[in-house]
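# Coordinate analysis (summary)
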Amino acid sequence: YRVKNTGRDGYQVFTADMAGTTQRLRLEQDMHRALANQEFDVVYQAQIDSAIGEMVGVEALVRWNHPRLGRLEPSEFIGIAEDSRLIAELDRSTLRKSVRELAKARQEGGRGLRLSVNISPLMVARDDFVDTVLEVLRQEGFPAQLLELEITENLLISDRQDVIAKLQRLNEIGVNIAIDDFGTGYSSLSYLQKLPIHTLKIDRSFTRQVKACDDGACIVNAIVAMAQGLRMNIVVEGVETMLQLDYLRALGCGVVQGFLYGQPDSLERLWQRGAAPEALAASASHGG
Ligand code: C2E
Ligand code: MG
Ligand code: MG
Ligand code: MG
């Protein structure tokens, strides 16, 4: 929270809570207007094939350019959007914007970059979810085969038939499904066999454990082995160091994502930046 310092210790916590609640209520009110006013935009994080060192896809990440508070991160507003049921509208708008931008890049000669979009469970729950995805793809002229939707494991806990049917329909259309933050949810693993899941995204809390080259006992290894056994793709999130990258390459983990390649940014700047880890890119641009 952005909290005013009252200078009176006893009131500090109370004020912070009040400010937090007030802020939340205001943000919720603001969000209605913000959707109409186009205050949300999309940045992208590169997904890099670690074997060939090429950008093969991007993940769309929403940002809110709030007129009073400046640029807000998802952690500051996704929860509010979910509580107020505005999340489906927000997800739909992010899906459309990112699909449109990727379709345009393709027409302008960009290669067949894949697009990953985060989808809230509340969006999946809507009756018109699959139709919305289909409509966006058709209207924007983007191939279903290049779209991946990221859902979280918790969505699959309840084994709900309607969710399963929707994922199967998307699969038939050619849209991929990824499990985001894999390993941090509470569902059983049986869904991996029952459902059309194409990709496991290893949560960055596991990537962080990779600190030494010979650290063979970490969870990342186990998830990779399982994914290979199930013939699923792996995306490793939160790759921040060269050591982690080297380790993952040696393990044969296809695709990586992380601050090692820079912060999420506009599509144009990702293209300019290329697929070199940031340290390498910086030294190259300084002529070394
Ligand atoms: P996520 O889908 O797991 O996205 C990855 C988050 O980790 C992003 O944060 C990204 O900036 C951050 N990240 C990437 N690489 C690194 C790294 O190397 N180190 C660290 N420490 N962090 C890294 P961001 O953009 O703040 O998004 C946070 C979460 O908000 C996302 O997690 C996703 O669950 C949610 N989100 C973002 N955009 C949308 C959206 O359009 N719709 C919905 N429903 N959720 C979204
Ligand atoms: Mg994600
Ligand atoms: Mg994630
Ligand atoms: Mg997440």
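Look up: the structure comes first, before these words.
What this report covers is the structure whose coordinates are included nearby. Predicted, not measured: the structure shown is a model, and the values here were computed from it. (Residues numbered from 1 in each chain as written. Chains lettered and ligands numbered in written order. Predicted model: local features only at pLDDT ≥ 70, side-chain atom pairs only at ≥ 80, totals over all residues. Heavy atoms only, no water.)

## Structural notes on the coordination of the magnesium ion (ligand 2)
This is how it is decided: Coordination here is defined by N, O and S atoms within 2.8 Å of the metal (3.2 Å for Na, K and Ca), and since water is not considered, a site can look incomplete. Secondary structure is summarised from DSSP: a helix means a run of H or I of at least four residues, a strand means a run of E of at least two, and numbering begins at the N terminus for each. When accessible area is computed with a 1.4 Å probe and restricted to protein chains, residues below 20% of their type maximum are described as buried, those above 50% as exposed, and intermediate ones as partly exposed.
The coordination sphere of the magnesium ion (ligand 2) contains the protein donors Glu59 (OE), Asn118 (OD1), Glu150 (OE) and Asp180 (OD), at a distance range of 2.0 to 2.3 Å. Spacing between the donor residues of the magnesium ion (ligand 2) along their common chain follows E-x58-N-x31-E-x29-D. Here the magnesium ion (ligand 2) and the magnesium ion (ligand 3) are spaced 4.2 Å apart, linked through Asp180, which binds each one. Of this pair, Asn118 sits in strand β4 (residues 114-118) while Glu150 sits in strand β5 (residues 147-152); the two residues are 32 residues apart in sequence, bridging distant segments of the chain. A residue is classified by how much of its surface remains accessible, and Asn118, at 25% relative accessible area, is partly exposed. Overall, the relative accessible area of 1% leaves Glu150 in the buried class.

## Brief notes about the layout of surface pockets
Cut-off, in case you're wondering: A cavity here means a set of 1 Å grid points, computed over protein atoms only, where a 1.4 Å probe fits but cannot escape. A pocket is an open set with protein on both sides within 12 Å along at least 5 of 7 lines, and lining residues have an atom within 4 Å of a point. Grid points are joined across faces, edges and corners, and a volume is the space filled by probe spheres set on the points. Note that Gly is not counted as nonpolar here; it falls among the polar residues with everything else outside the nonpolar set of Ala, Val, Leu, Ile, Met, Phe, Trp, Tyr, Cys and Pro and the charged set of Asp, Glu, Lys and Arg.
Size it by volume and the largest pocket reaches roughly 950 Å³. Forming the boundary of the largest pocket are 33 residues, of which Glu59, Leu61, Pro74, Asn118 and Asp180 lie nearest the centre. Sort the elements by how many residues they give to the lining of the largest pocket and strand β2 (residues 54-66) lands first, with five residues. Split by residue class, the lining of the largest pocket holds 11 nonpolar, 10 polar and 12 charged. For the second largest pocket, the calculated volume is near 280 Å³.

## Topic: the pattern of salt bridges
Defined as follows: We define a salt bridge as a contact between a side-chain nitrogen of Lys or Arg and a carboxyl oxygen of Asp or Glu at a distance within 4 Å.
Under the definition given, this model contains 19 salt bridges. For the salt bridge of Arg33 with Asp30, the shortest nitrogen-to-oxygen distance reads 3.8 Å. Of this pair, Arg33 and Asp30 are both found in helix α1 (residues 9-36), three residues apart, which corresponds to roughly one turn of the helix. A relative accessible area of 33% means that Arg33 is categorised as partly exposed. For Arg96, the salt bridge goes to Glu140, with nearest N and O atoms at 2.9 Å. Placement of the pair is Arg96 in helix α3 (residues 87-107) and Glu140 in helix α5 (residues 129-140), with a sequence separation of 44 residues. For Glu140, a relative accessible area of 13% corresponds to the buried category.

## Describing helix α6 (residues 161-173)
Using the following cut-off: Here a helix's expected span is defined as the number of its residues, less one, multiplied by 1.5 Å. The directions considered for the arc run from the helix axis to the C-beta atoms.
Look at α6: 19 Å from first C-alpha to last across 13 residues, which is about the 18 Å you get at 1.5 Å a residue. Along α6, the residues classified as buried are Val163, Ile164, Lys166, Leu167 and Leu170. Buried positions in α6, seen along its axis, are confined to an arc of 165° and lie on one side of it. For α6, the exposed residues lying more than 90 degrees away from the buried face are Gln161 and Glu172.

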